[in-house]
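Descriptive analysis of the structure
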2 protein chains.
Amino acid sequence: MNYRVKSYAAQSSGSLLAPFQIERRSPRADDVVIEILYCGVCHSDVHNVHNDWGNANYPMVPGHEIIGKVLAVGSGVSRFQIGDRVGVGCLVASCKHCAPCEHGQEQYCQNGATYTYNHQDPIDGSRTYGGYSETIVVAQDFVLKVPDSLDLAGAAPLLCAGITTYSPLRHWQVGQGSKVAIVGLGGLGHMGLKLAKAMGAEVTLFSRSPGKEADARRLGADHVVMSTDAPQMTAVAGKFDLIINTVPYQHDVNPYIPTLASGGTMVMVGYLGPLDDFNTGPLVFSRKALAGSLIGGIAETQEMLDFCGQHGIHSDIELIRIQDINHAFARLLKADVKYRFVIDMASLKEPA
Amino acid sequence: MNYRVKSYAAQSSGSLLAPFQIERRSPRADDVVIEILYCGVCHSDVHNVHNDWGNANYPMVPGHEIIGKVLAVGSGVSRFQIGDRVGVGCLVASCKHCAPCEHGQEQYCQNGATYTYNHQDPIDGSRTYGGYSETIVVAQDFVLKVPDSLDLAGAAPLLCAGITTYSPLRHWQVGQGSKVAIVGLGGLGHMGLKLAKAMGAEVTLFSRSPGKEADARRLGADHVVMSTDAPQMTAVAGKFDLIINTVPYQHDVNPYIPTLASGGTMVMVGYLGPLDDFNTGPLVFSRKALAGSLIGGIAETQEMLDFCGQHGIHSDIELIRIQDINHAFARLLKADVKYRFVIDMASLKEPA
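Because the structure is predicted, anything quoted here is derived from the model rather than measured.

**A short note on the UniProt feature "domain: Enoyl reductase (ER)" (unreviewed entry) in chain A**
Cross-referencing UniProt, the feature "domain: Enoyl reductase (ER)" (unreviewed entry) maps to residues 14-343 of chain A in the present numbering. Between the end C-alpha atoms of residues 14-343 of chain A there is a gap of 22 Å, over a span that is 24% helix and 28% strand.

**Brief notes about helix α9 (residues 298-311) of chain A**
Residues and elements named next belong to chain A. For α9, built from 14 residues, the straight-helix expectation of 20 Å at 1.5 Å per residue is met to within 8% by its first-to-last C-alpha distance of 20 Å. Of the positions making up α9, those classed as buried are I298, E300, T301, Q302, M304, L305, F307, C308 and G309. The elements touched by buried residues of α9 are β11 (144-145), α4 (161-171) and α5 (187-198). Where α9 terminates, the next one or two residues include G312, which has phi positive at roughly 60°.

**Description of the interface of chain A and chain B**
Residue-level contacts link 35 residues of chain A with 34 residues of chain B. If you look at where chain A meets chain B, you find zero salt bridges. At the junction of chain A with chain B, the criterion picks out 15 residue pairs in polar contact (both at pLDDT 80 or more). For the side of chain A that touches chain B, the secondary structure elements donating two or more residues are α4, β16 (260-268), β17 (274-275), β18 (278-279), α8 (281-284) and β19 (289-292) of chain A. Ranked by the residues each element gives to the side of chain A that touches chain B, the list is headed by β19(A), at four residues. The residue inventory of the side of chain A that touches chain B, partitioned by class, reads 17 nonpolar, 14 polar and four charged. Pairing of β19(A) with strand β19 (residues 289-292) of chain B involves three bridges; the strand directions are antiparallel. Bridging from a neighbouring strand, A:L290 pairs with B:L290 of β19(B).

**A word on the environment of A:N2**
As for its position among the elements, A:N2 is in the segment before β1 (3-9). Apart from the residues lying within four places of it in its own chain, the contact partners of A:N2 are A:E23, A:R24, A:R25 and A:S26.

**Quick look at the relation of the copies chain A and chain B**
Expressed as a screw transformation, the operator carrying chain A onto chain B has a rotation angle of 180° and an axial translation of 0.0 Å, and the superposed copies differ by an RMSD of 0.0 Å. Both chain copies can therefore be described as sitting about a two-fold axis. Across chain A, the rotation axis passes nearest the C-alpha of A:L290, at a separation of 2.6 Å. By residue overlap, the copies meet face to face through one surface: 97% of the interface positions of chain A are interface positions in chain B.

**A few points about the packing of helix α4 (residues 161-171) of chain B against helix α9 (residues 298-311) of chain B**
Residues and elements named next belong to chain B. It is the contact of α4 with α9, at a shortest axis distance of 10 Å, that shows an interaxial angle of 100°. Classified by the angle their axes make, α4 and α9 are roughly perpendicular. Across the interface between the two elements, G162, I163, Y166, S167 and R170 from α4 touch E300, T301, E303, M304 and F307 from α9. A breakdown of the residues in the contact of α4 with α9 according to their chemical character gives four nonpolar, three polar and three charged.

Cut-offs used in this document
Residues numbered from 1 in each chain as written. Chains lettered and ligands numbered in written order. Predicted model: local features only at pLDDT ≥ 70, side-chain atom pairs only at ≥ 80, totals over all residues. Heavy atoms only, no water. UniProt positions renumbered as here; feature names shortened; annotations may be inferred. Helix = DSSP H or I, 4+ residues; strand = E, 2+ residues; numbered from the N terminus. Expected span 1.5 Å × (residues − 1). Buried < 20%, exposed > 50% of the residue type's maximum accessible area, 1.4 Å probe, protein only. Contact = heavy atoms within 4.5 Å. Salt bridge = Lys/Arg side-chain N within 4 Å of Asp/Glu carboxyl O. Polar contact = N/O pair within 3.5 Å; in protein donor to acceptor, adjacent residues only side chain to side chain. Nonpolar A, V, L, I, M, F, W, Y, C, P; charged D, E, K, R; others polar. Pairing = 2+ DSSP bridges. Least-squares fit on C-alpha atoms with pLDDT ≥ 70 in both. Axes fitted to C-alpha atoms, helices over the stretch in contact; angles between N-to-C directions. Parallel < 35°, antiparallel > 145°, perpendicular 65-115°, else oblique.

Dropping the structure here:
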């Protein structure tokens, strides 16, 4: 007894997003039915809609920064009640028995975690559709609790941009006195500044664009270094324990390696693809590393939400109506947003 | 009151090694004078003599896998006595006060460690000359004790090939049950197999050359995987906690990344230079890392020698006369040695 819900979907890689009715499953025993109140707009939504990664299935309903309220629960649901403030991020299922799943790293599930949209439900094989929609049905183990202290709209981007920067900060043990740099000031970068600062680190922003300094400092940066300025780069040689590189396109990462301290790591969280001429020499001469990191596990995502609740951390957002999503996508491609679009899903009830 | 000692030196990047007298300093208070008994032939000796790294100073006396006997000690030397069996590796000095030095990682000295040859003494500015020589004069803090149980000739390569593989195995916490792969079966690779096995790991050799299986198993490999064989590579997908890549030339490292377990690291210890089209995607999707590592610190090198003494681990060597060094260099360039040339320095006393 599936039911149809109003959504915004792309019908092909060339098409704009437009109103479309999808089928959501009726809740299984362990499912939570969520009324979606807000949904963040992630850069990967644009990539997926444009089929940049070659794995798009249409119609596609994007959105994996979902904040809502519990509408109904299955008979086996113990952790949620109707009316609870909840979140759903990038994952809605995983195998639960591989080594990463057993260590709470469902995002690295060896049998393939199930993504919130453009994927397939592992139980009934139905398509998964994301948060640009009235409701979503998700197993309770993949639903997050949103602390009361968090603003719902500003919390939405925590579900992807927040956890994507929080997880490497935690994994590489950032704390009081750590020296952390963030490359790039966008959706991910602005969360990286806030989170690293709240963890007690001395935080530096690497940027190629002048004029971001005041904003960066407001968001948590102690220093701003122009990565195009050789003397500024030399001045921070050997400084950073951890660099989180949020730049979402191919670029030369070699210049950042000398700014790592001996034993330091640069973690790629924005760009997935080939690097031109990456040089191993500087890695060898100071036991440095280039690593990658993908969102975070479910328990870690809850920990991040609780951390944000305690520290009053939200994303800086621009609230939009769903009717403006195609314009928002265009602006996102020009990096014209400070720092995350969030859709007020109440607008979905209005005429298009 | 320096003194002249017989050595083998290169006079220019094109020249063969030939007998040459160099000046060694008279011992300072903290110096140990060492009669060199054996010296290993490292691949980097060939690179340095050929000026492949553009920093060669001639005349150059190579050699940083030095085993000898103490001939004399300065007035302030407390740790060594005449007649002691000792070793000298790649380092003869460092600043001792930067963060890496304070953590026993003199090889990553931020003010520049002093290499055993082709470098400059930080106190008197004199040139450093390596182990293809009768004697060497080294400050006691950079002299290692050689356990009585070790054969002196077979211990020489431990000072570079041994510590270069031991240090990353320890840093990435290899122990009982770890799954380790070694890429390449040369001087470094054969030590990696022995050391990883002695630490309790399940050890795999990646090789491109058929016919190495029996030897690899004798050296400690539990498995041999042909890296050119797609089904064999697929069979070890997601397996290794740590891969030590000893290949000394540019090659495609992308195929090894999928064989790392989630959270695993591949450490480059052989090749210093640009990689073509290294892909960050597989790093991101399983929080993997590409790292580098350089020899090891002095305390760690002593720990490695003691570990080898306890486990009866030597390098597999081919003992040569110094008069055959140019032929050995030529064979080394063809990887025609099992697995390390060691020079019997007694031959230096014979006519050329």
